[in-house]
Amino acid sequence: MTETKNRTKSALVILAVGLALNIALGIAKLAVGILANSSAVSSDALNNISDSAVSIVTIIATALAARAADHDHPFGHGRYEYIATFILGAVIVAVGAEAFIGGVKRAVQPEQVAFDIAVWVILGVSIGVKCFMFGFYSVHGRRVKSDTIKAAAVDSASDAAVTSLVLVCAVIERMTGAHIDGYASIAVAIVIVVFGVRILKSTVSRLLGERPDAELYDLVMNILTSDSRVMSVHDLIINDYGAAKKIAEADAVFPSGMAFVEVHAVCDALERKVLEATGVRLCIHADPYVEGDERLDGIRSGVDSVIGVFGATAHDISIDDECRKVTLDIKLPDDKVPSNEIKAQIEAIIHTVVPQYAVEICIDYI
């Protein structure tokens, strides 16, 4: 709990620093853009102002997400951050659309831009500040393991690139007299829209439920399989309830002759080990591996020979003599594997071992 509080406190301080810098940049750019009659600078100011809005809502969401679980929300409030981010993504897209419309109008009816020293200074300062923020967010994002702060680092890098584009366009206009201010504004707007769409896509993916981080998945699997008494592990599911709230479940296979008390002790020990190493709250379901059954051994051997060439694996193979049915799960590496073909071959193999039995095959990708 203390570690979570410290992480939240650090994240809030980091985001607050970013908020202050974005507000200062936004106000300065907007003032210079209006005084210099520069649509590109004004549009870039809108980007900073939208970043400030993102920072404010993110700070609020981070604070709310840190609230402890309660009776109505037993898995905590971590998804506040995702919901708030979705709303912000929509706002950013709207801001970008408005800037795009303004840029088009300026491109169609260009106006003389007064390039005084303030324009050059504010653009140069902006690039420097955004580069600093990129480094600041990157270092601290890795330290506190915050995807939100890491995303802010990417946003800062994008802003630095966008402002550099504006500065280049300003130099070209200064040297050639070509009115490209409106086109630069359109370019800035497109970047804002792209950034907003990416936020929406990423947030929707998380809310729908996406594959867990590969590094985290491998770490949990390595811990579970580190105990020699665990024969194999499958169906590891990691549910995301926020950046610091992950709840998982997994099936661990043990010899059927192993004492229940010992199995329970192993599961408890592994659950604690995973929690200490990753912060993930894990619940392990123990599966028995029945040895010495000729029919099961025959089915396992035949199934493995079929699916092995596809990189697939089988688990939970069981024979129900009362219902005259064989059930098993097949894990496929991706959706390109011909699942129907595999099912047909498996059914043929099973029927050579237990004729007249129904076959129920569940395909999963977990």
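Here the structure is a predicted model, which means the values were calculated and not measured.

### Overview of the packing of helix H3 (residues 80–108) against helix H6 (residues 181–208)
Thinking step 1. The contact between H3 and H6 brings their axes to 7 Å, and the two run at 160°. Judged by the angle between their axes, H3 and H6 are roughly antiparallel. At the point where H3 passes H6, the crossing takes the left-handed sense.
Thinking step 2. Partitioning the contact of H3 with H6 into residue classes produces 22 nonpolar, eight polar and three charged.

### Description of the sheet that holds strand E3 (residues 281–289)
Thinking step 1. Reading across the sheet, the three strands line up as E1-E2-E3 and stay open at both edges, with mixed pairing between neighbours. Two strands close off the open sheet at either side, each with one partner strand: strand E1 (232–240) and E3. Looking at each pair of strands side by side, their axes are set apart by 15° on average, direction ignored.
Thinking step 2. Looking at chain direction, strand E2 (residues 246–255) and E3 are connected through nine bridges and run parallel. Opposite Ala-252, over in E3, you have Ala-286 as the bridge partner.

### Points about the pattern of salt bridges
Thinking step 1. The tally for this structure, following the rule as stated, stands at seven salt bridges.
Thinking step 2. A single network of salt bridges, built from pairs that share partners, joins Asp-227, Arg-229 and Glu-262.

### Quick look at the pairing of strand E6 (residues 358–364)
Thinking step 1. Examined bridge by bridge, strand E5 (residues 325–331) and E6 share seven bridges and lie parallel to one another. Note that in E6 the partner of Thr-327 across the bridge is Glu-360.
Thinking step 2. With helix H10 (residues 339–353) bridging E5 and its parallel neighbour E6, the resulting β-α-β unit is right-handed.

### Topic: the packing of aromatic side chains
Thinking step 1. Considering all chains together, one arrives at three aromatic pairs under this definition.
Thinking step 2. Judged by centre distance (4.6 Å) and plane angle (15°), the ring pair of Phe-75 and Tyr-241 falls under stacked. Taken together, the positions of Phe-75 in the loop between helix H2 (39–65) and H3 and Tyr-241 in the loop between E1 and E2 put the pair 166 residues apart, joining distant regions of the chain.
Thinking step 3. Assessed through its relative accessible area of 38%, Phe-75 is described here as partly exposed.
Thinking step 4. Taking 5.9 Å as the distance between ring centres and 20° as the angle between the ring planes, the aromatic pair formed by Phe-132 and Phe-136 counts as stacked. Taken as a pair, Phe-132 and Phe-136 lie in helix H4 (residues 117–144) at a separation of four residues, close to a single helical turn.
Thinking step 5. Residue classification places Phe-136 among the buried positions, given a relative accessible area of 19%.
Thinking step 6. Taken together, the ring pairs connect Phe-132, Phe-136 and Tyr-137 into an aromatic cluster.
Thinking step 7. The residue whose ring lies beneath Arg-300 is Tyr-289, and the NZ or CZ to ring-centre distance is 3.9 Å.

What counts and how
Residues numbered from 1 in each chain as written. Predicted model: local features only at pLDDT ≥ 70, side-chain atom pairs only at ≥ 80, totals over all residues. Heavy atoms only, no water. Axes fitted to C-alpha atoms, helices over the stretch in contact; angles between N-to-C directions. Helix = DSSP H or I, 4+ residues; strand = E, 2+ residues; numbered from the N terminus. Parallel < 35°, antiparallel > 145°, perpendicular 65-115°, else oblique. Left-handed = near helix turned anticlockwise from the far one by under 90°. Nonpolar A, V, L, I, M, F, W, Y, C, P; charged D, E, K, R; others polar. Pairing = 2+ DSSP bridges. Salt bridge = Lys/Arg side-chain N within 4 Å of Asp/Glu carboxyl O. Right-handed = clockwise from strand over helix to strand, strands pointing away. Phe/Tyr/Trp six-rings, centres within 6.5 Å; stacked < 30°, edge-to-face > 60°. Buried < 20%, exposed > 50% of the residue type's maximum accessible area, 1.4 Å probe, protein only. Lys NZ or Arg CZ within 6 Å of the ring centre and 35° of its normal.

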